[in-house]
Amino acid sequence: MVKRKACVFISGTGTNLLSIIKNSRDYNFPANINLVITNNKNAGGINLAKKFSIPYKIIEKSKREFEKLAIKELRERKIELLCLAGFMRILTKSFIRNFKGRIINIHPSLLPKYKGLNTFERVLKKGDNITGCTVHLVNEKLDGGKAIVIKRVDVKKTDNIKKLKKKVQIEEYKAYQIAIRKIFSFN
Ligand code: GRF
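Quick caveat, the model's predicted, so the values are computed rather than measured.

A. Spatial organisation of the overall build of the protein. Along the backbone of the protein there are six helices and seven strands. Overall, the protein is about 50 × 40 × 30 Å in size when its C-alpha atoms are taken along their principal axes. Burial statistics for the protein: of 187 residues in total, 47% are counted as buried. In the protein, 64% of the contacts between residues at least 6 apart in sequence involve partners at least 24 apart. Just so you have it, the protein exposes about 10,200 Å², and 52% of that area is on carbon and sulfur atoms. For the protein, the distance from the average position of its 41 positive side-chain charges to the average position of its 15 negative side-chain charges is 1 Å.

B. Expanded view of the site of the ligand. Surrounding the ligand, one finds Thr13, Gly14, Thr15, Asn16, Gly86, Ile106, Pro108, Gln169 and Glu172. With respect to the ligand, the side chain of Thr15 contributes an N or O atom lying 2.5 Å from an oxygen atom. For the ligand, whose free accessible area comes to 370 Å², the fraction covered by protein is 85%. Looking at the shell around the ligand, the elements with two or more residues in it are α1 (15-24) and α6 (161-186). In terms of residue class, the shell around the ligand is built from two nonpolar, six polar and one charged.

C. Up close: the sheet that holds strand β2 (residues 31-38). Pairing is mixed in the open sheet, where seven strands are placed in the order β3-β2-β1-β4-β5-β6-β7. A strand with exactly one partner marks an edge of an open sheet, and here the two such strands are β3 (56-58) and β7 (147-154). Put simply, the sheet's adjacent strands are angled 20° from each other on average, direction ignored. Pairing geometry for strand β4 (residues 81-84) and strand β5 (residues 103-107), over three bridges, is parallel. Residue Leu82 lies in a different strand from β5, and its bridge partner there is Ile103. Across the sheet, α1 touches β1 (4-10), β2 and β5, and the angle it forms with β2 is around 155°. Helix-sheet contacts for helix α3 (residues 63-76) involve β1, β2, β3 and β4, and the interaxial angle to β2 is about 155°.

D. Seen up close, α1. Across the ten residues of α1, seven count as buried, placing the element largely inside the fold. The set of residues buried in α1 consists of Asn16, Leu17, Ser19, Ile20, Ile21, Asn23 and Ser24.

E. Focus on the nonpolar core. The biggest cluster of nonpolar side chains holds 38 residues, and the ones touching the most others in it are Val8, Ile33, Leu81, Ile104, Tyr176 and Ile180. Take this core: its biggest share by element is eight residues, from α6. If we skip the residues at most four places from it in the chain, Ile180 touches Ile20, Phe29, Pro30, Ala31, Leu81, Cys83 and Ile104. Leu35, Ile79, Leu84 and Phe95 belong to the second-largest nonpolar core, a separate cluster that totals 19 residues.

Cut-offs applied
- Residues numbered from 1 in each chain as written.
- Predicted model: local features only at pLDDT ≥ 70, side-chain atom pairs only at ≥ 80, totals over all residues.
- Heavy atoms only, no water.
- Helix = DSSP H or I, 4+ residues; strand = E, 2+ residues; numbered from the N terminus.
- Buried < 20%, exposed > 50% of the residue type's maximum accessible area, 1.4 Å probe, protein only.
- Contact = heavy atoms within 4.5 Å.
- Areas by Shrake-Rupley, 256 points an atom, 1.4 Å probe, with all protein chains shown as cover.
- Lys, Arg positive; Asp, Glu negative; His and termini not counted.
- Charge placed at Lys NZ, Arg CZ, Asp CG, Glu CD.
- Near = heavy atom within 4 Å.
- Polar contact = N/O pair within 3.5 Å; in protein donor to acceptor, adjacent residues only side chain to side chain.
- Nonpolar A, V, L, I, M, F, W, Y, C, P; charged D, E, K, R; others polar.
- Pairing = 2+ DSSP bridges.
- Axes fitted to C-alpha atoms, helices over the stretch in contact; angles between N-to-C directions.
- Core = buried A, V, L, I, M, F, W, Y, C linked by side-chain atoms within 4.5 Å.

Have a look at this one:
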């Protein structure tokens, strides 16, 4: 199978990145991770890129400069799908327009509920008994694009932020790889 070219943008630990890389090693997975880009030189995920010999770029610049350099990299490497995985920066409208329909993100809530930050804290405070994660297309609105995969998680009375995050992240790893498979089966 000819694999499609994907890039992952990260800002932190990169556990979703690790899961995507592992899935991409499967012969039947439709994409390879050909590039990792981060806006944070201390992002743990950089070590994963090194470990798996994936080209990576650290771009610690203003938003404008970051996007300019990132677009150059994405074009040069003919990247077809951009996966945001713990990328803590809001992309500009013009960047999103450049890659319309080809950027996906994972968010730790059942969108449209709890857009933005501190989702677990807000779910617990509200007393919801169900939460989860959503992989969605990125459009010009924060956490606003069409959902591709949703995974639900029960919230127990004994859950705290740490426990809930752990449970949701396990589902995130499943959701992300299903979403990438889905994206390429549409095309
Ligand atoms: C994930 O929980 C994701 O939902 C959120 O940021 C977190 C990133 O974690 N957008 P990691 O860097 O993939 O471990």
